Amino acid sequence: MRYHSRLWVRPENLNANGTLFGGHLLSWIDEQVALYSIVQLGNERVVTKYMSEINFVSSAWQGDIIELGIFPVKFGRTSLTLRCNVRNMVTRESIITVDKIVMVSLDDQGRPLEHGYSDITYARDRIPHRMKPIPRPEPHVPERISAAHEPLHDLDG
Ligand SMILES: CC(C)(COP(=O)(O)OP(=O)(O)OC[C@H]1O[C@@H](n2cnc3c(N)ncnc32)[C@H](O)[C@@H]1OP(=O)(O)O)[C@@H](O)C(=O)NCCC(=O)NCCS
């Protein structure tokens, strides 16, 4: 497993117990795995489809430096399955493990897209040449609200 990025545990990352907040850690994992998948699948439109059991093995404290390791398990047709471990950089003690994360490559309509790769690259040869803006679908406005055009009122007003 290669350790790709490092994070310094700061006061704003802590929970009420004074240790690293699990939600912050998951957000960091999700972002790093997505960036890794973009490089591997040559497509910026990659989403998280599935995360297996998450095991918080030990805590991290303010001032700790932690590092994230990603291991590609399987290249599917449209997906990439990865394993992830976060550990203390100094002691190498494991903090969290996620055995299976499935990322899916999408086309510009948001449908699974065959990526055509079967092994990892250590180069930058698959990075998309130009990141395109992603069109957003029109928001769905319920009939009742759009017809009324009522002004919004303060909750206490
Ligand atoms: C990603 C998404 C387009 C996939 O749609 P889908 O109908 O499941 O598509 P498919 O059935 O073709 O599956 C696509 C790939 O995901 C894999 N997959 C689907 N469900 C899975 C599951 N529960 N566990 C593991 N892999 C799964 C399939 O095996 C397939 O991989 P392959 O082509 O490499 O064999 C759709 O589920 C989606 O948009 N989900 C929301 C994603 C998102 O917004 N994530 C951000 C976090 S909220």
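Residues numbered from 1 in each chain as written. Predicted model: local features only at pLDDT ≥ 70, side-chain atom pairs only at ≥ 80, totals over all residues.

Q: Quick question: what am I supposed to make of the overall build of the chain here?
A: Assigned secondary structure in the chain consists of two helices and six strands. Of the regular secondary structure in the chain, the N- to C-terminal order runs β-α-β-β-β-β-β-α. Counting the 157 residues in the chain, one finds 20% classified as buried. (Helix = DSSP H or I, 4+ residues; strand = E, 2+ residues; numbered from the N terminus. Buried ≥ 20, exposed ≤ 12 C-beta atoms within 10 Å, placed from the backbone.)

Q: Please explain the site of the ligand as it appears in this structure.
A: Taken together, Val47, Thr48, Lys49, Tyr50, Gly76, Arg77, Thr78, Ser79, Val102, Val104, Leu106 and Pro112 form the complete shell of residues around the ligand. Contributions of two or more residues to the shell around the ligand are made by β2 (46-51) and β6 (94-105). The biggest single contributor to the shell around the ligand is β2, with four residues. Looking at the shell around the ligand, its residues break down into six nonpolar, four polar and two charged. (Near = placed C-beta within 6 Å. Nonpolar A, V, L, I, M, F, W, Y, C, P; charged D, E, K, R; others polar.)

Q: Quick question: what am I supposed to make of the nonpolar core here?
A: Most often, soluble globular proteins have nonpolar side chains that are buried together. Ranked by internal contacts, the top residues of the largest apolar core, which has 24 residues, are Ile29, Val33, Leu82, Cys84, Val86, Ile101 and Met103. Where this core is concerned, the elements lending two or more residues are α1 (22-41), β4 (65-75), β5 (79-88) and β6. Top contributing element to this core by residue count: β6, with seven residues. Those residues in contact with Val86 that lie beyond four places of it in its chain are Leu25, Ile29, Ile66, Leu68, Ile95 and Ile96. (Core = buried A, V, L, I, M, F, W, Y, C linked by C-beta atoms within 7 Å. Contact = placed C-beta atoms within 7 Å.)

Q: I would appreciate a short explanation of the environment of Ile70 in the present structure.
A: Relative to the assigned elements, Ile70 resides in strand β4. Exposure remark for Ile70: the 23 C-beta atoms within 10 Å place this residue in the buried category. Sequence separation between Ile70 and Val98 is 28 residues; the distance between their C-alpha atoms is 9.7 Å. Residues in contact with Ile70, not counting those within four places in the same chain, are Arg2, His4, Gln32, Val33, Tyr36, Leu82 and Cys84.

Q: Hey, could you run me through the environment of Pro112 in this one?
A: Locating Pro112 in the fold gives a position in the loop between β6 and α2 (143-148). Given 15 C-beta atoms within 10 Å, Pro112 falls into the partly exposed group. Spatially, the C-alpha atom of Pro112 lies 9.7 Å from that of Val47, the residues being 65 residues apart in sequence.

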